[in-house]
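Chain residues, written in single-letter form:
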Amino acid sequence: MNLRVGRIPFLVCAPFFHLFLNDEARFEGYSFDDGAPSALNQKLWTGEIHLAPASSIAYARAPQDLVLAPDLCTSCKLEVNSVELFSRYPLDELSGKRIYMTSQSGTSVALLRVICSQYANVRPEYVTERADCDAALLIGDEALIEKAKGSWPYCYDMALLWRDWHGLPFVFGAWSIHRLALSCEMRPRLEAFLENVRESIAKFRACPQKALKKWAERYPVPFTAEELKGYYDSLDYEFTDERKKSLQLYFNLCVKEEILSESPTLRFL
């Protein structure tokens, strides 16, 4: 049986996956399922895939079935640049205003709700249609493209808002692993895959232009490697103790906001 891996085709995940592209012979035993974070969350919960760099909140919604890779996550040093609230009004004037919420990420949607309610003390109307919205929460490549246009008077980086509030880096994604992958049959394949991911990140850091060229052949983007340099300089994939503390705090605040019924303990591979 192949180890079934959820792969997010966003630039933020290129360091995780570029090594595997167009090299199937070297990486036998793995199969990849592409999708947005929200779609992969659903497949992870049902065991349709074994693991993915899923939305952080995916783990919190099924902690009985999942464990986390202890050293890998999707985070940032300061701003993340690809999880952005674009607005026609300042953040503290968004009460009663219509905010479009992306359907691609449960973590970012919950984070915005927590920030609006508990940090900015505003009560917007959250909508699923972009027409006539006063603000829009976008993620991934869509957020990068929208930010490059510069067409909104206000743009709020969600990671910076969290850091301003709590002084911690936010964890947008964590490698969540279904317990089906922990069987005697699958565990060695899982361990080998995670080691390959670590190698993929290291090779990306060593030569991002080469890695991005390979990535763009599969997933075209309207940016050059040079244009993306600052973006990757701000990203960090190490699941440090500080980031684990931040993730637990986020879950606690989601409980306060009644997004989660309880805050799970972080359990690692």
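Residues numbered from 1 in each chain as written. Predicted model: local features only at pLDDT ≥ 70, side-chain atom pairs only at ≥ 80, totals over all residues. Heavy atoms only, no water.

Caption draft 1: The sheet that holds strand E5 (residues 83–87), seen in detail. Read from one edge to the other, the open sheet built from five strands follows the order E7-E6-E8-E5-E9, with strand pairing classed as mixed. The sheet is open, and its two edges are formed by strand E7 (125–127) and strand E9 (154–157), each paired on a single side. Taking the axes of each pair of neighbouring strands and ignoring which way they run, one obtains an average angle of 25° across the sheet. Sheet topology note: the strand E6 (residues 98–101)/E7 ladder contains three bridges and is parallel. Following the sheet pairing, Arg98 is matched in E7 by Glu125. Packed onto the sheet, helix H6 (residues 158–166) meets E5, strand E8 (135–139) and E9 and runs at close to 65° relative to E9. (Pairing = 2+ DSSP bridges. Helix = DSSP H or I, 4+ residues; strand = E, 2+ residues; numbered from the N terminus. Axes fitted to C-alpha atoms, helices over the stretch in contact; angles between N-to-C directions. Contact = heavy atoms within 4.5 Å.)

Caption draft 2: Local environment of the side chain of Ser82. Position of Ser82 relative to the elements: it lies in the loop between strand E4 (66–76) and E5. Residue Ser82 is classed as buried on the basis of its relative accessible area of 3%. When sequence neighbours within four positions are dropped, the list of residues in contact with Ser82 reads Leu138, Ile139, Gly140, Ala143, Leu144 and Tyr231. (Buried < 20%, exposed > 50% of the residue type's maximum accessible area, 1.4 Å probe, protein only.)

Caption draft 3: Summary view of the packing of aromatic side chains. Overall, the coordinates contain 25 aromatic pairs when judged by the stated rule. Their ring planes at 85° and their centres at 5.0 Å tell us that Phe170 and Tyr250 sit as a pair that is edge-to-face. Linking Phe170 in the loop between H6 and strand E10 (173–178) with Tyr250 in helix H10 (residues 241–256), this pair joins segments that are 80 residues apart in sequence. According to the relative accessible area criterion, Phe170 is buried, its value standing at 1%. Ring pairing ties together the aromatic residues Phe16, Phe17, Phe20, Phe27, Tyr30, Phe32, Trp175, Phe193 and Tyr237, which thus form one cluster. If you follow Lys244 out to its NZ or CZ, it ends over the ring of Phe239, 5.5 Å from the centre. (Phe/Tyr/Trp six-rings, centres within 6.5 Å; stacked < 30°, edge-to-face > 60°. Lys NZ or Arg CZ within 6 Å of the ring centre and 35° of its normal.)

Caption draft 4: Structural view of the nonpolar core. In this structure, Leu85, Met158, Trp175, Phe193, Tyr232 and Tyr250 are the most contacted members of the largest nonpolar core, which totals 92 residues. The residues touching Leu85, leaving out its near neighbours within four places in the chain, are Leu91, Leu94, Ile99, Leu112, Ala135, Ala136, Leu137, Tyr154, Cys155, Tyr156 and Met158. Listed in part, the eight residues of the second largest apolar core include Tyr100, Ala136, Leu138 and Ala143. (Core = buried A, V, L, I, M, F, W, Y, C linked by side-chain atoms within 4.5 Å.)

Caption draft 5: Inspection of helix H5 (residues 140–149) at higher detail. Listed as buried for H5 are Gly140, Asp141, Ala143, Leu144 and Glu146. On its buried face, H5 sits against E5, E8 and helix H9 (229–234). Gly150 occupies a position one or two residues after H5 and carries a positive phi of about 65°.

Caption draft 6: Here's a closer look at the pattern of salt bridges. A complete count under the given rule lists 13 salt bridges for this structure. The salt bridge involving Arg26 is made with Glu199; its shortest N-O contact spans 3.2 Å. Taken together, the positions of Arg26 in the loop between helix H1 (14–17) and strand E2 (30–34) and Glu199 in helix H7 (residues 187–206) put the pair 173 residues apart, joining distant regions of the chain. When salt bridges that share partners are traced, they join Arg26, Glu199 and Lys203 into one network. (Salt bridge = Lys/Arg side-chain N within 4 Å of Asp/Glu carboxyl O.)

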